[in-house]
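Structure assessment
Here are the chains, one letter per residue:
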Amino acid sequence: HPFWSLLKARAVRARDVLEASSPVDQEAAVRGGTHAFKQDDRNASILIGVRNGVTLDFSLVPRRLAKVSVLDAGFVLGDGVWEGIRLHKSKLLFWDEHVARLYQGAKALAMSIDLTKDELKTMVEETCVANGMESGVHIRLIVSRGEKLTPYQAPKATLGMPTIVIIPERKAVTEDVKTNGIKLITSFVRRARPDTQDPMINSLSKHQCIAACIQAEQARVNEALMLDPQGFVATCNSTNFFMVCGGQLIAPTTEYQLHGITRQNMLDLAERCGIQTKERNFSVTEVYSASECFVTGTFAGAIPVVEVDGREIGGGKRGEVTKRLQDEYSKLCDVHAGGQGGGVVEK
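Because the structure is predicted, anything quoted here is derived from the model rather than measured. Counting restarts for each chain: residues are numbered from 1 in the order of the written sequence. Only residues with pLDDT of at least 70 are given local features in this predicted model, and only at 80 or more are side-chain atom pairs given and counted; all residues enter the totals for whole chains, interfaces and linings. Values shown for side chains rest on all heavy atoms present in the structure; no hydrogens or waters enter the calculation.

1. Side note on the packing of aromatic side chains
Note on aromatic pairs: the rings of Phe, Tyr and Trp (six-membered ring only in Trp) are paired at centre separations within 6.5 Å, and the planes decide the class, stacked below 30 degrees, edge-to-face beyond 60, tilted for the rest. Evaluation of the coordinates by the stated rule reveals three aromatic pairs. Measuring from centroid to centroid gives 6.5 Å for F241 and F282, while their planes differ by 40°, and the two rings are tilted. Placement of F241 in strand β14 (residues 240–245) and of F282 in the loop between β16 (277–279) and α10 (284–288) is noted, with a sequence separation of 41 residues between them. When the ring of F242 is compared with that of F294, the centres are 4.9 Å apart and the planes differ by 10°; the resulting orientation is stacked. With a gap of 52 residues between them, F242 in strand β14 and F294 in strand β17 (residues 292–297) connect regions that are remote in the sequence. Judged by relative accessible area, which is 0%, F294 ranks as buried. Secondary structure elements follow DSSP: runs of H or I no shorter than four residues count as helices, runs of E no shorter than two count as strands, and numbering proceeds from the N terminus. Relative accessible area decides the class of each residue, using a 1.4 Å probe on protein chains only: under 20% of the type maximum gives buried, over 50% gives exposed, and in between gives partly exposed.

2. Re unusual backbone geometry
For K89, which is not glycine, the phi dihedral falls at a positive 50°. Look at K89 and you get partly exposed, because its relative accessible area is 48%. Positioned with a positive phi, A110 is a non-glycine residue whose angle comes to about 55°. Following the sequence through the fold, A110 ends up in the loop between α5 (95–108) and α6 (117–130).

3. Let's talk about the nonpolar core
By size, the foremost hydrophobic cluster in this structure holds 29 residues, and its most contacted members are W95, L102, L120, I139, L141 and I164. Contributions of two or more residues to this core are made by β2 (47–51), β4 (80–88), α5, α6, β6 (137–144) and β9 (163–170). No other element matches α5, which puts five residues into this core. Residues within four places of I164 in sequence aside, it is in contact with G49, V50, R51, L115, L120, M123, L141, I142 and V143. F37, I250, V287 and V308 belong to the second largest nonpolar core, which has 25 residues in total. Residues grouped as a nonpolar core are buried Ala, Val, Leu, Ile, Met, Phe, Trp, Tyr and Cys residues, joined through side-chain atoms within 4.5 Å. Contacts are assigned to residue pairs that have any heavy atoms within 4.5 Å of one another.

4. Focus: the pattern of salt bridges
Counted as salt bridges are all cases of a side-chain nitrogen of Lys or Arg within 4 Å of a carboxyl oxygen of Asp or Glu. Scanning the entire structure with this criterion turns up 13 salt bridges. A salt bridge links K171 to E169; the nearest nitrogen and oxygen atoms lie 3.8 Å apart. As far as the burial class goes, K171 and E169 line up, both buried. Salt-bridge contacts for K323 lead to D327; the nearest nitrogen and oxygen are separated by 2.7 Å. Taken together, the residues K323 and D327, both in helix α11 (residues 320–337) and four residues apart, mark about one turn of the helix. Look at the salt bridges and you will find they share partners, linking R63, E169 and K171 into a network.

5. A short note on the packing of helix α9 (residues 261–272) against α11
Only the stretch in contact is used when fitting a helix axis, every axis being a line fitted to C-alpha atoms; angles between N-to-C directions are given from 0 to 180 degrees. Across the interface, α9 lies against α11 with an axial gap of 10 Å and an inter-helix angle of 105°. Between α9 and α11, the angle is such that the two are roughly perpendicular. Two secondary-structure elements touch here, α9 through T262, N265, M266, L269, A270 and R272 and α11 through L325, E328, Y329 and L332. Here roughly perpendicular refers to angles of 65 to 115 degrees, roughly parallel to angles under 35, roughly antiparallel to angles over 145, and oblique to all remaining angles.

These values are about where atoms sit, not about what they do.
As structure tokens, this is what we get:
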């Protein structure tokens, strides 16, 4: 039949597509930003953990073959929650805090995770062990509502239980960005009120942050500073924001930002170091005159900010408070990794 002959003539094997595709310079794609990392060729062949919410089977699948249904709620609706977690010296850093936030967000979305926190942790550990990973690893843990009967937002149109995907990558932060810092612009995209899209939920639906990120990319800077509905500084599109004024570490209030785990660790560390801290509202006018600014996140810890909206911050160099907190946070991670329990055990 002519139709089938046409299909056959145009058909290609999946292997041919993979072999013909040119490699992507992943390192260049995020160079100089908050997620700048040293490319590791081993990431191309990692095993990704996938729990099918319909069959409840958990499989370790090569990266190029890993997939979820095109009817998965995470794909068709952005319906789900996620966490970024570091594996350091065979320990899932701050696991209890991350998993508590994950389950809190899922409950707020009326999404039942059918596993205990320990069972979910076992899946993450098994994925890391299968990849021979011990340290310098960043894990994206994704939990979507699951496969849909049809592309419809109602939770009742979901088949089975949540889909779980565990993506571990060997990603070492580049020292250059931790020393030389990043540049920000203030985005016109405002953070939503809690009754619109609660920022406490680490949702798969990231359009608001992506819109701000696009603006930053088009302005050729690394990240966007986002304001709350009143015009006060709230957060950045993928990190939490801090400034130092008069020797005091100042952070925006938590009403319009994700309650960052690294953010809280920095506040606690500052207090232990005798650095006075304050969480309050402030405008970009104060930011421009700050002696130091930095951002925090699970992947990189703390990264200095050397420019905001074209205004140089701290002489365009990393400040003393930022450097001290970077060092203290590194020590904290080592201490946490050396604690009892929670390490990845060879199985």
